[in-house]
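Here is how the chains run, residue by residue.
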Amino acid sequence: MKIFNIILAIVFLLFAAVQFNDSPGDILFWVLVYAGVGIISAFAAFNKYNMWAILLGLAVVVFEMFRKFPTFALWVSDGMPSIIEEMQASSPYIELAREYLGLCLCLAVLIFQYVRYAKLRRKEAPFVE
C-alpha cells in the first residue's frame, strides 16, 4: 500500500503543478485541492493520517461537485462529446466537465484514504463490549 500511496502522491502533486497554466481565478483552488490530496496520500504512505484534513478535503470536493453538477449533466445529456481532442475548451461545458471529472478522482482518493484510516484505527483500538 505504501508504493500505491506514493504513486498517488506523485500523480496528484503533478496535477497541482500543471494547474499553473489555468485561468487566474481557478489556479489557487485547483492547486490547493490537488496538492492537498497529494499531501494526504504522501502522509498515508507512512501510515500518518489526519482525519480532519481528509474530512475537509471531502467537504470541499463534494461541495464543488454539487456546484458543477448541472454543467456536467448538460455535457452528459449532449451525448458526452469529446473533452480531450483539444486543450482549449471550445464549448462552455468542456472545461467544467473536465473539472468535474478531476473532482471525481479527488473524491475517490479521499474516500480511499478515509477507509484506510478507519481500518487502521479500528485495528489499533478495537471496539470492546
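Residues numbered from 1 in each chain as written. Predicted model: local features only at pLDDT ≥ 70, side-chain atom pairs only at ≥ 80, totals over all residues. Heavy atoms only, no water.

1. Considerations on helix H1 (residues 2-17)
The cut-off we apply is this: Helix numbering and strand numbering both begin at the N terminus, where a helix is a DSSP run of H or I of at least 4 residues and a strand a DSSP run of E of at least 2. The span you would expect from a helix comes to 1.5 Å times its residue count less one. Here the term buried applies to any residue with accessible area under 20% of the maximum for its type, exposed to any over 50%, and partly exposed to those in between, with areas from a 1.4 Å probe on protein chains only. What the arc covers is the set of directions going from the helix axis to the C-beta atoms.
Relative to the 22 Å expected for 16 residues at 1.5 Å per residue, H1 spans 22 Å between its end C-alpha atoms, a close match to the ideal helical length. Buried within H1 we find Asn5, Leu8, Ala9, Phe12 and Ala16. Along H1, the residues classed as buried sweep out an arc of 100° about the axis, all on the same side. The exposed residues of H1 that point more than 90 degrees off its buried face are Ile3 and Leu14.

2. Some details on the state of the cysteines
Heads up, the rule is: Here, two cysteine sulfur atoms that lie within 2.5 Å of each other are counted as a disulfide.
The full count for this structure, using the stated rule, is zero disulfides. Cys106 carries a free sulfur, and the closest cysteine sulfur to it, the one in Cys104, is 9.3 Å from it. For Cys106, a relative accessible area of 0% gives the class buried.

3. Focus on the nonpolar core
Note the cut-off: In this description, a nonpolar core means a group of buried Ala, Val, Leu, Ile, Met, Phe, Trp, Tyr and Cys residues linked to one another through side-chain atoms lying within 4.5 Å. Contact between two residues is taken to exist if any of their heavy atoms lie within 4.5 Å; hydrogens are not considered.
If you look at the biggest cluster of nonpolar residues, it comprises 26 residues, and the most contacted ones within it are Phe12, Val61 and Cys106. Looking at this core, the elements that each hand over two or more residues are H1, helix H2 (24-44), helix H3 (51-77) and helix H4 (92-124). A per-element tally of this core places H4 first, with eight residues. Contact partners of Cys106, with chain neighbours within four places excluded, come to Phe12, Val33, Tyr34, Val37 and Val61.

4. Details of the packing of aromatic side chains
To be explicit about the condition: Aromatic contacts are taken between Phe, Tyr and Trp rings whose centres are within 6.5 Å, Trp giving its six-membered ring; a plane angle under 30 degrees counts as stacked, one over 60 as edge-to-face, and the others as tilted.
By the definition in use, this model includes 10 aromatic pairs. When the ring of Phe29 is compared with that of Trp30, the centres are 5.0 Å apart and the planes differ by 85°; the resulting orientation is edge-to-face. Centroid distance Phe69 to Tyr100: 6.1 Å. Interplanar angle 55°. Geometry classified as tilted. Residue Phe69 is found in helix H3, and its partner Tyr100 is found in helix H4; the two are separated by 31 residues along the sequence. Pairwise contacts between aromatic rings join Phe12, Phe15, Phe29, Trp30 and Tyr34 into one cluster.

5. Things to note about the confidence of the model for the protein chain
The condition is simple: Every residue carries a pLDDT, the predictor's confidence in it, which falls somewhere between 0 and 100.
Overall, the prediction assigns the protein chain a mean pLDDT of 86, with 88% of residues at 70 or greater. The element-level mean pLDDT for the protein chain is lowest in H4, coming to 87, with H1 highest at 94.

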